[in-house]
Amino acid sequence: MDLPLSLLAGIAPVFLLAGFTKGVTGLGLPTVGMGLLSLFMAPAQAATLVILPSLLTNFWQMTGHALPGLLRRLWPMLLATVLGCWAGRGVLTGGSAWVGQGALGFVLVAYALFGLSPLRLPSVPPRREGWLGPLAGFCTGLLTAATGVFVLPAVPYLQALSLERPALMQALGLSFTTSTLALAAVLADGGALDGAGAAGSALALLPALLGMAFGQWLQKRLRPAVFRRIFFGGLLLLGAHLLLRGLLG
């Protein structure tokens, strides 16, 4: 993958915004990054650029005292995520980029509608985690391989576990880190993750981290409900645009 300097300069604002969203909400860096980057590049190329910023920020997010317990509780879901991602390999890196773009648009629209609605999944009782976790993980892996975005159904499922907010943030970081590593393996297998792509992803780290730091600082000064509506409203419009582009091929 050859990335001209003009393109590299153009992606900095995308990662500033994606990192800012991550800092405020604890999620959204690959979602925003993939959605905006896919407006002017192939989804596989966009996914390659997202890898390192997503990996570093999510690894940062998942660390903490609750991590050992979360690993013991969530490992079946995490393993299923990796298996699902591998099972879905080839969509992003295949010859039909419009398929991945349409799938990405669909996921963004679905996630935005879920976020804007008052609906939430009912609490998952511990006795059902044994099969619901792997199911959610496998479906998340499949969608990760097809779109480069790993919010569905992982985020609603983890929210349904009734975790305290700090543990939920760590669980999200753990899930996203697993999905990012699995996506990197899929992209490498398909030939999309090469030296130039890795270099571009490394250059995207600085704006992503700056945006995340600013978002975390501003989080205490924002009204979460207002930012949430703006965030999901923007995702809805972006997803609808990508979905239409994908359908029209």
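Starting afresh in each chain, residues are numbered from 1 along the sequence in its written order. Two thresholds apply to this predicted model, a pLDDT of at least 70 for residue-level local features and 80 or more for giving and counting side-chain atom pairs, whereas whole-chain, interface and lining totals are computed over all residues. Heavy atoms throughout the structure, all of them, feed into the side-chain values; hydrogens and water do not.

**Student:** I would appreciate a short explanation of the pattern of salt bridges in the present structure.
**Tutor:** For side chains bearing opposite charge, pairing can occur when the charged atoms are close. Salt bridge criterion: a side-chain nitrogen from Lys or Arg within 4 Å of a carboxyl oxygen from Asp or Glu. Counted according to the given criterion, the structure contains two salt bridges. Close ionic contact of Arg73 with Glu129 constitutes a salt bridge, the shortest N to O distance being 2.7 Å. On the criterion of sequence distance, the pair formed by Arg73 in helix α4 (residues 67-87) and Glu129 in helix α6 (residues 129-147) is long-range, its members being 56 residues apart. Only protein chains enter the area calculation, which uses a 1.4 Å probe; residues under 20% of their type maximum are buried, those over 50% are exposed, and those in between are partly exposed. In this structure Glu129 comes out as buried when scored by relative accessible area, which is 12%. One salt bridge connects Asp189 with Arg89, and the closest N-O pair in it is separated by 3.9 Å. Of this pair, Asp189 sits in helix α8 (residues 165-189) while Arg89 is found in the loop between α4 and α5 (97-116), placing the two residues 100 residues apart along the sequence. To qualify as a helix, a DSSP run of H or I must reach at least 4 residues; to qualify as a strand, a run of E must reach at least 2; elements of each kind are numbered from the N terminus.

**Student:** Would you mind showing me how to read the nonpolar core here?
**Tutor:** Here is a general trend for soluble globular proteins: nonpolar side chains tend to be buried in one another's company. Throughout, nonpolar core names a set of buried Ala, Val, Leu, Ile, Met, Phe, Trp, Tyr and Cys residues whose side chains join them through atoms within 4.5 Å. Phe15, Leu37, Leu74, Tyr111, Leu158 and Leu172 are the most contacted members of the largest nonpolar core, which has 64 residues in total. Counting residues per element, this core draws most heavily on α8, at ten residues. Apart from the residues lying within four places of it in its own chain, the contact partners of Leu74 are Leu158, Leu161, Ala171 and Leu174. In what follows, a contact means two residues having at least one pair of non-hydrogen atoms within 4.5 Å.

**Student:** Honestly, the environment of Ile51 in this entry has me stumped. Any pointers?
**Tutor:** Tracing the backbone shows Ile51 in helix α3 (residues 43-62). For the pair Ile51 and Gly148, spaced 97 residues apart in sequence, the C-alpha to C-alpha distance is 9.3 Å. Once you skip the residues sitting within four places of it in the chain, Ile51 turns out to touch Thr180, Leu183, Ala184, Leu187 and Ser201.

**Student:** Teacher, can you tell me more about the packing of aromatic side chains here?
**Tutor:** The description of two aromatic rings rests on the distance between their centres and on the angle between their planes. Geometry of aromatic contacts follows a simple scheme: Phe, Tyr and Trp rings, the Trp one being its six-membered ring, pair when their centres are within 6.5 Å, and the pair is stacked under 30 degrees between planes, edge-to-face over 60, tilted otherwise. Within this structure, the stated rule accounts for five aromatic pairs. Geometrically, the ring pair formed by Phe150 and Phe176 is tilted, given 5.7 Å between the ring centres and 45° between the ring planes. Taken together, the positions of Phe150 in the loop between α6 and α7 (154-159) and Phe176 in helix α8 put the pair 26 residues apart, joining distant regions of the chain. Linked through ring pairs, Phe20, Phe214 and Trp217 together constitute an aromatic cluster.

**Student:** Got a minute to help me understand a nonpolar patch on the surface in this structure?
**Tutor:** Exposure above 30% relative accessible area and no salt bridge define the residues that can form patches, which grow by joining like charges within 9 Å and nonpolar side chains of Val, Leu, Ile, Met, Phe, Trp and Tyr within 5 Å. To be clear on the numbers: accessible area is Shrake-Rupley with a 1.4 Å probe, and residue cover counts the displayed protein chains and nothing else. A grouping of Trp75, Leu79, Leu83, Phe138 and Leu142 is seen on the molecular surface, where their side chains present a nonpolar patch of about 480 Å² in accessible area. Where the nonpolar patch is concerned, the elements lending two or more residues are α4 and α6. With three residues, α4 is the single largest residue contributor to the nonpolar patch. Structurally, the position occupied by Trp75 is in helix α4.

**Student:** Is there a simple way to think about the state of the cysteines in this case?
**Tutor:** Note on terminology: disulfide describes a covalent bond linking the sulfur atoms of two cysteines. We call a pair of cysteine sulfur atoms a disulfide whenever their separation is within 2.5 Å. If you walk through the whole model with that rule in mind, you get zero disulfides. The thiol of Cys85 is unpaired, and the distance to the nearest cysteine sulfur, on Cys139, comes to 13 Å. A residue is classified by how much of its surface remains accessible, and Cys139, at 31% relative accessible area, is partly exposed.

**Student:** Would you take a moment to explain helix α10 (residues 205-219) for this structure?
**Tutor:** Since the α-helix turns once every 3.6 residues, residues separated by three or four places project in the same direction. With 15 residues, α10 extends 21 Å between its outermost C-alpha atoms, agreeing within 8% with the 21 Å of an ideal straight helix rising 1.5 Å per residue. Along α10, the residues classified as buried are Leu205, Pro207, Ala208, Gly211, Met212, Gly215 and Leu218. Viewed end-on, α10 has its buried residues packed into an arc of 165°, placing them on one side of the element. Here a helix's expected span is defined as the number of its residues, less one, multiplied by 1.5 Å. This arc describes the spread of directions from the helix axis toward the C-beta atoms.

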